[in-house]
Amino acid sequence: MQDKKFRNDINGLRAIAVLAVMLFHFVPSSLPGGFAGVDVFFVISGFLMTSIIFRGLKNNNFSLWNFLKARARRIVPALVTVISIVLALGYLFFEPLTYQLAGKHGYSSLLFISNITYAKEAGYFDSDSLSKIFLHTWSLSVEWQFYIIYPIILLTLSKFFSTNTLKKVILVSAIISFSFCIYLSNINKTLSYFMIYTRAWEMLLGGIAFLFPLSTTDNKKRTIEILGLILIIISFFIFSNADSWPSYNALLPVLGAFFCIQANNKKTILSNIILQKIGLWSYSIYLVHWSLIVFCKK
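Analysis parameters
Residues numbered from 1 in each chain as written. Predicted model: local features only at pLDDT ≥ 70, side-chain atom pairs only at ≥ 80, totals over all residues. Heavy atoms only, no water. Helix = DSSP H or I, 4+ residues; strand = E, 2+ residues; numbered from the N terminus. Rg over C-alpha atoms; globule rule 2.2 N^0.38 Å. Buried < 20%, exposed > 50% of the residue type's maximum accessible area, 1.4 Å probe, protein only. Axes fitted to C-alpha atoms, helices over the stretch in contact; angles between N-to-C directions. Parallel < 35°, antiparallel > 145°, perpendicular 65-115°, else oblique. Left-handed = near helix turned anticlockwise from the far one by under 90°. Contact = heavy atoms within 4.5 Å. Nonpolar A, V, L, I, M, F, W, Y, C, P; charged D, E, K, R; others polar. Patch = residues over 30% accessible without salt bridge, like charges linked within 9 Å, V, L, I, M, F, W, Y side chains within 5 Å. Areas by Shrake-Rupley, 256 points an atom, 1.4 Å probe, with all protein chains shown as cover. Salt bridge = Lys/Arg side-chain N within 4 Å of Asp/Glu carboxyl O. Polar contact = N/O pair within 3.5 Å; in protein donor to acceptor, adjacent residues only side chain to side chain. 1 Å grid on protein atoms, 1.4 Å probe; cavity = no way out; pocket = protein on both sides within 12 Å on 5 of 7 lines; lining within 4 Å. Points joined across faces, edges and corners; volume = space filled by probe spheres on them. Phe/Tyr/Trp six-rings, centres within 6.5 Å; stacked < 30°, edge-to-face > 60°. Lys NZ or Arg CZ within 6 Å of the ring centre and 35° of its normal. Core = buried A, V, L, I, M, F, W, Y, C linked by side-chain atoms within 4.5 Å.

S.K.: Could you give me a rundown of the overall build of the chain, with the residues and numbers involved?
M.R.: Helices and strands together make up the secondary structure of the chain, namely 13 helices and zero strands. Tracing the chain from N to C terminus, the helices and strands come up as α-α-α-α-α-α-α-α-α-α-α-α-α. A globule of 298 residues ought to have a C-alpha radius of gyration of about 19 Å, and the chain, at 19 Å, matches this closely. Viewed in the frame of its principal axes, the chain has a C-alpha envelope of about 55 × 40 × 40 Å. Across the 298 residues of the chain, 52% fall into the buried class.

S.K.: Talk me through the packing of helix H2 (residues 37-58) against helix H11 (residues 251-263); I want residue IDs and the actual numbers.
M.R.: When two helices pack together, their arrangement is given by the angle between the helix axes and by the axis-to-axis distance. Contact geometry for H2 and H11: axes closest at 8 Å, N-to-C directions at 40°. In terms of axis orientation, H2 runs oblique to H11. For the pair H2 and H11, the crossing hand works out as right-handed. Contact residues: Asp39, Val40, Val43, Ile44 and Phe47 in H2; Pro253, Val254, Ala257, Phe258 and Ile261 in H11. Of the residues belonging to the contact of H2 with H11, the class tally is nine nonpolar, no polar and one charged.

S.K.: Requested: an account of a nonpolar patch on the surface, with residues and values cited.
M.R.: Side chains of Ile226, Ile230, Ile233, Ile234, Phe237, Ile238 and Ile269 sit close together on the surface and give an oily, nonpolar patch of about 630 Å² of accessible area. Along the polypeptide, isoleucine 226 turns up in helix H10 (residues 218-238).

S.K.: Describe the packing of helix H1 (residues 8-26) against H10, with residues and values.
M.R.: Direction vectors running N to C along H1 and H10 enclose 10°, while the axes themselves pass 11 Å from each other. Looking at the two axes, H1 sits roughly parallel to H10. Side by side, H1 and H10 meet where Asp9, Leu13, Ile16 and Ala20 of the first sit next to Glu225, Leu229, Ile232 and Phe236 of the second. In the contact of H1 with H10, the residues fall into six nonpolar, no polar and two charged.

S.K.: Give me the lowdown on the side chain of threonine 198, citing residues and values where you can.
M.R.: Take threonine 198: it is sitting in helix H9 (residues 196-211). There is a polar contact of 3.0 Å between the side chain of threonine 198 and the backbone oxygen of methionine 195. Setting aside residues up to four positions removed in sequence, threonine 198 forms contacts with Ser177, Phe180, Cys181, Leu184, Leu191, Ser192 and Pro246.

S.K.: Tell me about the layout of surface pockets, and please be specific about residues and values.
M.R.: Reported here for the largest pocket is a volume of approximately 870 Å³. For the largest pocket, the lining is made up of 33 residues, of which Arg14, Ile44, Leu48, Met49 and Arg74 are closest to its centre. Ranked by residues supplied to the lining of the largest pocket, first place goes to H2 with 11 residues. Within the lining of the largest pocket, the residues separate by chemical class into 16 nonpolar, eight polar and nine charged.

S.K.: Describe in detail the pattern of salt bridges, supporting the description with residues and values.
M.R.: If you walk through the whole model with that rule in mind, you get five salt bridges. Among the salt bridges present, the one from aspartate 9 reaches arginine 7, with a minimum N-O distance of 2.8 Å. Residue class for aspartate 9 comes out buried when judged on its relative accessible area of 4%. In this structure arginine 7 comes out as buried when scored by relative accessible area, which is 11%. Taken together, the salt bridges that share partners define one network made up of Asp39, Arg199 and Glu202.

S.K.: Can you tell me about the packing of aromatic side chains, naming the residues and giving the values?
M.R.: Taken as a whole and judged by the stated rule, the model has 29 aromatic pairs. Sitting above the plane of the phenylalanine 212 ring, lysine 167 keeps its charged end 5.5 Å from the centroid. Taking the ring centre of tyrosine 193 as reference, the NZ or CZ of arginine 199 above it sits at 4.6 Å.

S.K.: So, the nonpolar core: which residues are in play, and what are the values?
M.R.: Grouped burial of nonpolar side chains is what soluble globular proteins tend to show. In this structure, Leu13, Trp138, Phe146, Tyr147, Ile170, Phe194 and Ile261 are the most contacted members of the largest nonpolar core, which totals 87 residues. For this core, the leading source of residues is H2, giving 11 residues.

The structure is reproduced here in structure tokens:
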């Protein structure tokens, strides 16, 4: 397992992911597959959460309550602030029915079930979804559901099985989730896009990057990181909302993120100050940008 240190490469990867999502939302034709930035975020989350959980299990001091409190401190205050500001402004400028829908969606976002709410209404790329001011919170809901389910399962299994067995469980689970993702993407694109059971493999692959670290030379690390970045960037251009997603198509950006994280390149090309600043602000940028776009259109 890798040492617990700040990773400039992961922070830079966050910047690339959020910039891709923003560009896709602002000017879709300029980066037709920019939505794959969310998949990159999922891999990063899986890596970080797995590292926290397994270190806690290894030291016999993992606390589910403390784990969830730490996640809540990072996610909830900013989310509440954005939703509160949007609904306050919406009260002044939205039509009653629009405001009522925004309130419903804001409430489901705060409960971290917005992905389920949106899955019942329309597809992510459908025209009906483009006016939903909290649409982007679906990914936060998926992550939060993962934050709850994942540690509970691992904590329970750790009482009966060894660490090596837990690693195998994660590997098998990732394969099962990916297989189901491909299957469901062919029969119900909306559910496959929004639901945790078709997205879990992306986060689990991030966990696998932590559990099975790569040991190699610095030159090879640079090569692996560059390969990962190429896969991610290619996915931003060759895919569009016309493609089945996530399905097997998401393998490209997900494997790209996996390679970048696995490389653990200390001399990462992602360490420039601009990307590092954007990476640190990525969550706030992600939270604000879509609501701003939709609000300006209303």
